[in-house]
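Here is how the chains run, residue by residue.
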Amino acid sequence: MGQIIAVAVITVLAVISPGADFAMTVRNSYLYGRTAGVLAAVGISLGVLVHVTYTMLGVGLLVSRTPALFTAMKLIGAAYLVFIGYKTFVTKAQVDIDLSDGNGLSRAGALRTGFLTNALNPKTMLFVLSTYTQVVVSADTPVAQQMGYGLFMSFAHLVWFSLAAVLFSHHGLRTRLLRRQTVLNKVIGTVLVGLGMALALTPSA
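Note that the structure is predicted; figures quoted are calculated from it, not measured.

Caption draft 1: Expanded view of the overall build of the protein chain. Each helix and strand in the protein chain was counted, giving 10 helices and zero strands. Counting from the amino terminus, helix and strand elements in the protein chain follow one another as α-α-α-α-α-α-α-α-α-α. The buried share among the 205 residues of the protein chain stands at 40%. Considering only residue pairs separated by 6 or more positions, the protein chain has 90% of its internal contacts joining residues 24 or more positions apart. Approximately 10500 Å² of the protein chain is accessible, and the part contributed by carbon and sulfur atoms is 72%.

Structure below.
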């Protein structure tokens, strides 16, 4: 029971802490609507499962103990955030409130942005790896139970970011945000670039 509570608390704190996944959800939701925001949330939750899978297979422990490999993964994730942030910052197109013309972000594109944001996110990698190695895995922890914890982590991300998508795609709020989209794009772009740069410059443990 204590292990379940520990995993739940750690997961909730990790999910609600601001990061690139939240910025990406806000970006997709207010620019491209609820469907794009929710699909980004789905992608984010699937990205969590990537880290869960390789951690359970033992690859995560190898990554954490191989500085060069960890640094390479960290830099790839940082480069992705900087790239998306730059694109958001410099965009000049004004997104219309009406998405009925089908010119918004494609479903595959929305899913992909969310997935890559977390699949390439060292913060998520460290959250999953540390939770598994320090809390979840012990000599008597069944594999099915370990899988259950991973599914819970993924589901928690899905719920939280889906709620964020619903909030920021609400018609009234979205209308107000889109009227200020030039400024907001620069703010979100700056946040994403800043997170990427901070990630790249943070010394590996």
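From this point, things continue past the structure.
Caption draft 2: Main features of the packing of aromatic side chains. For the structure shown, the criterion picks out one aromatic pair. Taken together, a centroid distance of 6.0 Å and an interplanar angle of 80 degrees make the contact between phenylalanine 22 and phenylalanine 168 edge-to-face. Of this pair, phenylalanine 22 sits in helix α2 (residues 20-32) while phenylalanine 168 is found in helix α8 (residues 143-168), placing the two residues 146 residues apart along the sequence. Geometry around phenylalanine 89 places lysine 186 over its ring, the cationic atom sitting 4.3 Å from the centre.

Caption draft 3: Examining a nonpolar patch on the surface more closely. Judged by side-chain polarity, Ile5, Val9, Val12, Leu13, Ile16 and Trp160 come together as a nonpolar surface patch covering roughly 520 Å² of accessible area. Per-element accounting of the nonpolar patch gives the leading share, five residues, to helix α1 (residues 2-16). Following the sequence through the fold, leucine 13 ends up in helix α1.

Caption draft 4: Spatial organisation of the environment of glutamine 3. With respect to the helices and strands, the residue glutamine 3 is situated in helix α1. C-alpha of glutamine 3 to C-alpha of valine 135: the two residues are 132 residues apart in sequence and 6.6 Å apart in space.

Caption draft 5: Representation of helix α5 (residues 67-90). A rise of 1.5 Å per residue sets the reference length of α5, with its 24 residues, at 34 Å; its end C-alpha atoms lie 34 Å apart and thus fit the reference within 8%. For α5, the full list of buried residues reads Phe70, Lys74, Gly77, Ala78, Tyr80, Leu81, Ile84, Gly85 and Thr88.

Caption draft 6: Highlighting the environment of phenylalanine 127. Mapped onto the elements of the fold, phenylalanine 127 is located in helix α7 (residues 122-136). By relative accessible area, phenylalanine 127 is classed as buried at 10%. For the pair phenylalanine 127 and threonine 11, spaced 116 residues apart in sequence, the C-alpha separation works out to 8.2 Å. Residues within four places of phenylalanine 127 in sequence aside, it is in contact with Ile10, Thr11, Ala14, Met153 and His157.

Caption draft 7: Structural context of the nonpolar core. Counting residues in each nonpolar core, the largest one holds 14 residues, and the members touching the most others are Val26, Tyr30, Leu81, Ile84, Ile188 and Leu192. Elements with a minimum of two residues in this core: α2, α5, α9 (171-179) and α10 (181-201). Each residue touching isoleucine 188, except ones within four places of it in the same chain, is listed here: Ala23, Val26, Arg27, Tyr30 and Thr88. Core analysis: the second largest hydrophobic core is formed by eight residues, Val7, Val52, Tyr149 and Met153 among them.

Caption draft 8: Expanded view of the side chain of serine 154. You can see serine 154 is positioned in helix α8. Judged by relative accessible area, serine 154 falls into the buried class, the value being 8%. Here serine 45 takes part through its backbone oxygen, which lies 2.8 Å from a polar atom of the side chain of serine 154. Leave out the neighbours within four places in its chain, and serine 154 touches Ser45, Leu46, Val48 and Leu49.

Caption draft 9: Here's a closer look at the side chain of threonine 88. Residue position: threonine 88 is located in helix α5. Residue threonine 88 is classed as buried on the basis of its relative accessible area, which comes to 3%. At a separation of 2.9 Å, a polar atom in the side chain of threonine 88 contacts the main-chain carbonyl oxygen of isoleucine 84. Residues within four places of threonine 88 in sequence aside, it is in contact with Arg27, Asn185, Ile188 and Gly189.

Caption draft 10: Representation of α9 within the structure. Considered for burial, the residues of α9 that qualify are Arg174, Thr175, Leu177 and Leu178. Axial view of α9: buried residues confined to an arc of 165 degrees, hence all on one face. Looking at the buried side of α9, the elements it contacts are α2, α8 and α10.

About the criteria used
Residues numbered from 1 in each chain as written. Predicted model: local features only at pLDDT ≥ 70, side-chain atom pairs only at ≥ 80, totals over all residues. Heavy atoms only, no water. Helix = DSSP H or I, 4+ residues; strand = E, 2+ residues; numbered from the N terminus. Buried < 20%, exposed > 50% of the residue type's maximum accessible area, 1.4 Å probe, protein only. Contact = heavy atoms within 4.5 Å. Areas by Shrake-Rupley, 256 points an atom, 1.4 Å probe, with all protein chains shown as cover. Phe/Tyr/Trp six-rings, centres within 6.5 Å; stacked < 30°, edge-to-face > 60°. Lys NZ or Arg CZ within 6 Å of the ring centre and 35° of its normal. Patch = residues over 30% accessible without salt bridge, like charges linked within 9 Å, V, L, I, M, F, W, Y side chains within 5 Å. Salt bridge = Lys/Arg side-chain N within 4 Å of Asp/Glu carboxyl O. Expected span 1.5 Å × (residues − 1). Core = buried A, V, L, I, M, F, W, Y, C linked by side-chain atoms within 4.5 Å. Polar contact = N/O pair within 3.5 Å; in protein donor to acceptor, adjacent residues only side chain to side chain. Arc of directions from axis to C-beta.

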